[in-house]
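# Analysis of the macromolecular model
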Amino acid sequence: MKLPKEILLSELLNYNVKGNIALNYGTGENVWMHPPVHRILGWYSRPSNFDLKRNVWRLNQISQIIDNEIYVKGDPAISDLATLNRFPTLIEANLININGSKIGVIADFLFEIKTGNIKYYLVSRSNPKIPGSSRWKLNIENINDQQPGLVFCESNSLDDLFLIKSSFKNEFFQKGKNIIERFDDMKNIAANRLEDWLEEDEDINQNLEYKQKSFYNNDRTSRSFSEKSEDDPWI
């Protein structure tokens, strides 16, 4: 099976690592990367919940990916978690805006399997481990500087970044906002129609009053003329 050209780190870590002779090396735990050049070198897996050792893999050891399993060639390098935790990584680093304030957390990234080059990062607003949370795209060109646990960017807020995946909360907020805007439009339309209707009703009432006054005036004139005609000595 042909390997994908690009893959998310989160997808790579979700795969169960298996050897060519059906050895099970566990699922991925974290990344092995070189932050200064935005490149992934490999990753490491945990054989079991009770095992203290970790299996470290290079990207060029990947032979194929089938369903939820990633097959590797060769043997892993064996290490421990204390050593691996000293490896530099930008995952879960705080994203700092142009004004020096935290606006998010580096949650994931897309990289090329063949070269390990990172294409772009994905940013979460808060804890990236919360399932279904939103993800914003952070381009490499937008990064000014980086330190252990910190990434500095040129943006002012997450609204300046492209939203790739929207959470249920964010979608609900956007839909609610759209409903409110539509409701406001409906209220404006209804208000305008009511004003038009009241104006038309006022015009009708004015015309009716004018006709009634004209009728009474004509009736009085006719009666006045009739009364004068009866008493007119010239008739």
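Scroll up a little and you will see the structure.
Read on for a plain summary of the structure.

Attention now moves to the overall build of the protein. Along its length, the protein carries three helices and 15 strands. Looking at the protein residue by residue over its 235 residues, the buried ones come to 32%. Contacts spanning at least 24 positions in sequence make up 49% of the contacts within the protein whose residues lie at least 6 apart. When the accessible surface of the protein is split by element, carbon and sulfur atoms take 52% of a total near 16000 Å².

It is worth spelling out the pattern of salt bridges at this point. What the rule picks out here adds up to six salt bridges. Across the pair lysine 18 and glutamate 69 runs a salt bridge, and its minimum N-O distance is 3.7 Å. Pair noted here: lysine 18 is in strand β2 (residues 16–18) and glutamate 69 is in strand β7 (residues 69–72), with a separation of 51 residues, a long-range link. A relative accessible area of 24% means that glutamate 69 is categorised as partly exposed. For lysine 129, the salt bridge is made with glutamate 92, and the minimal N-O distance between the two is 3.8 Å. Here lysine 129 is found in the loop between β11 (118–124) and β12 (135–139), whereas its partner glutamate 92 is found in the loop between α2 (81–84) and β9 (94–96), with 37 residues between them in sequence. Given a relative accessible area of 65%, lysine 129 falls into the exposed group. Here the salt bridges share partners, and the residues they tie into one network are Glu6, Glu112 and Lys119.

This part takes up the pairing of strand β4 (residues 39–46). In this structure, strand β3 (residues 24–34) lies alongside β4, joined through seven bridges in antiparallel fashion. Each residue of the ladder has a partner; that of threonine 27, found in β4, is arginine 46.

Locating phenylalanine 109 in the fold gives a position in strand β10 (residues 102–112). Distance in space between the C-alpha atoms of phenylalanine 109 and histidine 38 is 10.0 Å, their sequence separation being 71 residues. Not counting residues up to four positions away in its chain, the partners in contact with phenylalanine 109 are Ile7, Leu8, Leu9, Val31, Met33, Ile40, Ile91, Ile118, Tyr120, Tyr121 and Leu122.

What follows is about the nonpolar core. Judged by nonpolar contacts, the single largest core of 37 residues is most densely connected at Trp43, Phe109, Tyr121 and Leu138. A total of four residues in this core trace back to one element, the largest contributor, which is β10.

Rules and cut-offs
Residues numbered from 1 in each chain as written. Predicted model: local features only at pLDDT ≥ 70, side-chain atom pairs only at ≥ 80, totals over all residues. Heavy atoms only, no water. Helix = DSSP H or I, 4+ residues; strand = E, 2+ residues; numbered from the N terminus. Buried < 20%, exposed > 50% of the residue type's maximum accessible area, 1.4 Å probe, protein only. Contact = heavy atoms within 4.5 Å. Areas by Shrake-Rupley, 256 points an atom, 1.4 Å probe, with all protein chains shown as cover. Salt bridge = Lys/Arg side-chain N within 4 Å of Asp/Glu carboxyl O. Pairing = 2+ DSSP bridges. Core = buried A, V, L, I, M, F, W, Y, C linked by side-chain atoms within 4.5 Å.

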